[in-house]
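What follows is each chain in one-letter form.
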Amino acid sequence: MKSLRILTCAAVAVFMMAGTVLAMPTDWTDAQKWTIQDKYIGGSLDNVNNIYEHNGGDVISGAGSENLFDIDWMDIYYLDNYLKVDIHTDYVGGTLGTDYGDLFISSDGWNPFGDSPYLQDTMANGEKWEYAFDVSSGNLYDITNAQGSILTSDDVMTSGQYRNGQEVLINNAGLTSIGTGTAGRVGEYYSMVMDVSGIQLDFAGLEGGVGFHWAMTCGNDTMEAHVAPEPGTMLLLGSGLLGLLGYRRRFKK
Ligand SMILES: [Ca+2]
Ligand SMILES: [Ca+2]
Ligand SMILES: [Ca+2]
Ligand SMILES: [Ca+2]
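Residues numbered from 1 in each chain as written. Chains lettered and ligands numbered in written order. Predicted model: local features only at pLDDT ≥ 70, side-chain atom pairs only at ≥ 80, totals over all residues.

Broken down by element type, the protein chain carries 3 helices and 12 strands. Expressed as a percentage of the 253 residues in the protein chain, the buried residues total 33%. Counted over contacts in the protein chain with a minimum sequence separation of 6, partners at least 24 positions apart contribute 66%. (Helix = DSSP H or I, 4+ residues; strand = E, 2+ residues; numbered from the N terminus. Buried ≥ 20, exposed ≤ 12 C-beta atoms within 10 Å, placed from the backbone. Contact = placed C-beta atoms within 7 Å.)

Put into structure tokens, the structure is as follows:
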């Protein structure tokens, strides 16, 4: 009888642990939040002229239609193991035969190729992305060992003007989902929300922070950004830890 009771308790404990998986938040006011402006242009090796700068700089477009593709900024929220990335842009899926791209995430910092605004950073150089959120299937994938699954603007676009060489989609064939989520336009922005409980995201900056990459499938405006504490914060954190160590030493004596 006693062992049955212990078993029951164990079963209840397991049930309770499983029950602690949190639902996708509907209210993000208590989330950690970062806002990052689009200061990234990105490489765009023009295969015809073999130069890196397409006309237009940050946005490739016909004169007067920059707003079709311009990305302004990115809001990033983190709450209860859920990540929300809002892309503030007027871009709407379907424009001139293009569509929303997938989100690429680096869990160990952001090191694009060259200097700001990174005119020669393409998929082939700079940061390696460890994760990709597929907006069409709503799945998060670990792509650390599946870099060949990354599709560039050149793989996706067959005509028209586009920013060459930028990572825009993930081919999820053969990949196993490690988290699910949603993606869609909400008012002024394109919003992606995903369960990231299966991965370690370094918002404390101990491994260099968290990097993000997003573009529409033509990459006509592309954004890469970085969430990491200010150097001053890291210094404070560091001196705080040192102080704690000193205190512990004194305490031991
Ligand atoms: Ca922009
Ligand atoms: Ca990385
Ligand atoms: Ca790159
Ligand atoms: Ca940009």
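On to the sheet that holds strand β5 (residues 131-134). Strands sit in the order β1-β2-β3-β10-β9-β6-β5-β4-β11-β12 across an open sheet of 10 strands; the sheet is antiparallel. Each of the sheet's edge strands pairs with one partner strand only, and the pair in question is β1 (32-37) and β12 (222-227). Ignoring strand direction, the axes of neighbouring strands in this sheet form an average angle of 20°. (Pairing = 2+ DSSP bridges. Axes fitted to C-alpha atoms, helices over the stretch in contact; angles between N-to-C directions.)

Once that is clear, we can look at the nonpolar core. Within the largest apolar cluster, 44 residues are counted, with the highest numbers of intra-cluster contacts made by Leu-103, Ala-132, Met-192, Met-194 and Phe-212. With sequence-adjacent residues up to four places away left out, Ala-132 is seen in contact with Asp-102, Leu-103, Phe-104, Tyr-141, Ile-143 and Ile-170. (Core = buried A, V, L, I, M, F, W, Y, C linked by C-beta atoms within 7 Å.)

Bringing unusual backbone geometry into the picture now. Residue Pro-117 is reached from Ser-116 by a cis peptide bond, and omega for that bond is 5°. With respect to the helices, strands and loops of the structure, Pro-117 is situated in the loop between β4 (103-106) and β5. A positive phi angle, close to 50°, is found at Asp-80, a residue other than glycine. Structurally, Asp-80 is set in the loop between β2 (71-79) and β3 (82-89). Located in the positive-phi region is Asn-81, a residue other than glycine, with phi close to 70°.

Turning our attention to the pairing of β1. A small share of β1 lies buried, amounting to 0 of its 6 residues. Summarising the sheet, β1 and β2 pair through 6 bridges and their orientation is antiparallel. Bridge pairing in β2 places Ile-36 opposite Met-74.

Quick look at the pairing of strand β9 (residues 177-186) now. Pairing of strand β6 (residues 139-142) with β9, which is carried by 3 bridges, proceeds in the antiparallel orientation. By the bridge assignment for β9, Tyr-141 is matched with Ser-177. Relative to strand β10 (residues 189-195), β9 runs antiparallel, the two being bridged by 6 bridges. When the sheet's bridge partners are listed, Thr-182 is paired in β10 with Val-193. Here β9 hands over to β10 after 2 residues, with Gly-187 in that stretch at a positive phi of 55°.

A word on the confidence of the model for the protein chain. Do not read the predicted coordinates in detail wherever pLDDT is low. Summarising the model, the protein chain shows a mean pLDDT of 86, and 78% of its residues fall at 70 or more. Scored below 50 in pLDDT, residues 11-19 shows 0 contacts in the model against residues more than four places distant or in partner chains. (pLDDT = per-residue confidence, 0-100.)

Attention now moves to the environment of Thr-95. As for its position among the elements, Thr-95 is in the loop between β3 and β4. Spatially, the C-alpha atoms of Thr-95 and Leu-68 are 7.4 Å apart, while their sequence positions differ by 27 residues.

Inspection of the secondary structure puts Asn-145 in the loop between β6 and β7 (150-152). Given 8 C-beta atoms within 10 Å, Asn-145 falls into the exposed group. As a C-alpha pair, Asn-145 and Glu-130 span 15 residues in sequence and 8.2 Å in three-dimensional space.

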